Amino acid sequence: MDHGPEEQPPDPNNKRLTVEDLNIEILPLIYEIIRSIEKDNHHDNTAKTRDSQDCSQKVLELQKRLDQARAEIRMLPGIEYSKEQQLNHLEALKTQLRLKQELLQKYRYMYPFDIQKP
Amino acid sequence: MSSQISTKEKLLYIIDDIELICKEIIENAIAPKSAKLSGPEYSQLTDLLVAKDNELKETLNLASEQAHINKKLDILKAEVDRQDQDINHLQKQLKEAEQILSTAIYQANQKLQSIARANRRPVSSEELIKFAHRISASNAICAP
């Protein structure tokens, strides 16, 4: 990979996302949810209600992050095909371009009207 | 080759899997002691979650590479479109040239035919000049 995650500049004119714009850190959230559920068991009632509210908030945030990730993945460019299909497409386009350039070369620079002197 | 799954679908499937695993883990955490998973099962579940997370990150790297390739594809497509335009332009010019040439050839052919006709019946220049004088003398426009 040539670019690190910090080096991609955001492009305001381009509606498409880059992979680096995605926020896909699920594991820390899960860890916090589990920790706060387990903390739940050791406190008195007032702290318990606060913790369970905290918990449900975190679960909602997890859900939101997953849904947002899905929506953002749909907007990523260039992933409609597998990598192999994409590379095949690239090769086919290159061949097409080469053939068309050769065709144009042939017709632009041939001299059909050179009259051979008898 | 056409049965290959697209990277987008792969990413969405992984997210679905992660969501399922998270739900199971959370349900297990809030379940009463009797319904909880055993130790090894629970650690299997968490290992699976970590594995899926890694798979997600790898697939995101792949997506980033594909985005890079996609940019090259866009440039190539623009080039191919330009060549297409040039080819269309050249085609129009060739058609025009063909038309002009065929008209020119037709007219040259006509001229050759009239030269051949003239050569079959030669007329001396003195006779032509005599006729010309007579026509202009009588202000006519053709021979009597």
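Above this text is the structure in question.
The model shown is predicted, which means the values in this text are computed figures rather than measured ones. (Residues numbered from 1 in each chain as written. Chains lettered and ligands numbered in written order. Predicted model: local features only at pLDDT ≥ 70, side-chain atom pairs only at ≥ 80, totals over all residues. Heavy atoms only, no water.)

### Looking at the interface of chain A and chain B
The partner chain B presents 49 residues to the 47 residues of chain A that form the contact. For the pair chain A and chain B, the summed buried surface comes to about 4,400 Å²; carbon and sulfur atoms form 71% of the total. Our count for the chain A to chain B interface comes out at 7 salt bridges. In this structure, the salt-bridge partner of Arg108 of chain A is Asp86 of chain B, at a minimum N-O distance of 3.9 Å. Across the chain A-chain B interface, the total number found is 13 residue pairs in polar contact (both at pLDDT 80 or more). Within the residue set of the side of chain A that touches chain B, elements represented by two or more residues are helix H1 (27–40), helix H2 (45–75) and helix H3 (83–108) of chain A. In the side of chain A that touches chain B, the residues fall into 27 nonpolar, 8 polar and 12 charged. (Contact = heavy atoms within 4.5 Å. Buried area = accessible area lost by both parts, 1.4 Å probe. Salt bridge = Lys/Arg side-chain N within 4 Å of Asp/Glu carboxyl O. Polar contact = N/O pair within 3.5 Å; in protein donor to acceptor, adjacent residues only side chain to side chain. Helix = DSSP H or I, 4+ residues; strand = E, 2+ residues; numbered from the N terminus. Nonpolar A, V, L, I, M, F, W, Y, C, P; charged D, E, K, R; others polar.)

### Re the packing of H2 of chain A against helix H1 (residues 7–30) of chain B
Look at H2 of chain A against H1 of chain B: their axes get within 10 Å of each other, and the N-to-C directions meet at 170°. When the axis of H2 of chain A is compared with that of H1 of chain B, the two are roughly antiparallel. Every residue of H1 of chain B that contacts H2 of chain A at Val59, Leu62, Gln63, Leu66, Ala69, Arg70, Ile73 and Arg74 of chain A is listed here: Lys8, Leu11, Leu12, Ile15, Asp16, Glu19, Cys22 and Ile26 of chain B. (Axes fitted to C-alpha atoms, helices over the stretch in contact; angles between N-to-C directions. Parallel < 35°, antiparallel > 145°, perpendicular 65-115°, else oblique.)

### Side note on the nonpolar core
Membership of the largest hydrophobic core comes to 32 residues, with the highest contact counts inside it found for Ile30 and Leu62 of chain A together with Leu56 of chain B. Sort the elements by how many residues they give to this core and H1 of chain B lands first, with 10 residues. Beyond its immediate sequence surroundings of up to four residues, Leu56 of chain B is in contact with Ile24 of chain A together with Leu11, Ile14, Ile15 and Ile18 of chain B. Core analysis: the next-biggest nonpolar cluster, separate from the first, contains 7 residues, Leu90 and Leu93 of chain A together with Ile69 and Leu73 of chain B among them. (Core = buried A, V, L, I, M, F, W, Y, C linked by side-chain atoms within 4.5 Å. Buried < 20%, exposed > 50% of the residue type's maximum accessible area, 1.4 Å probe, protein only.)

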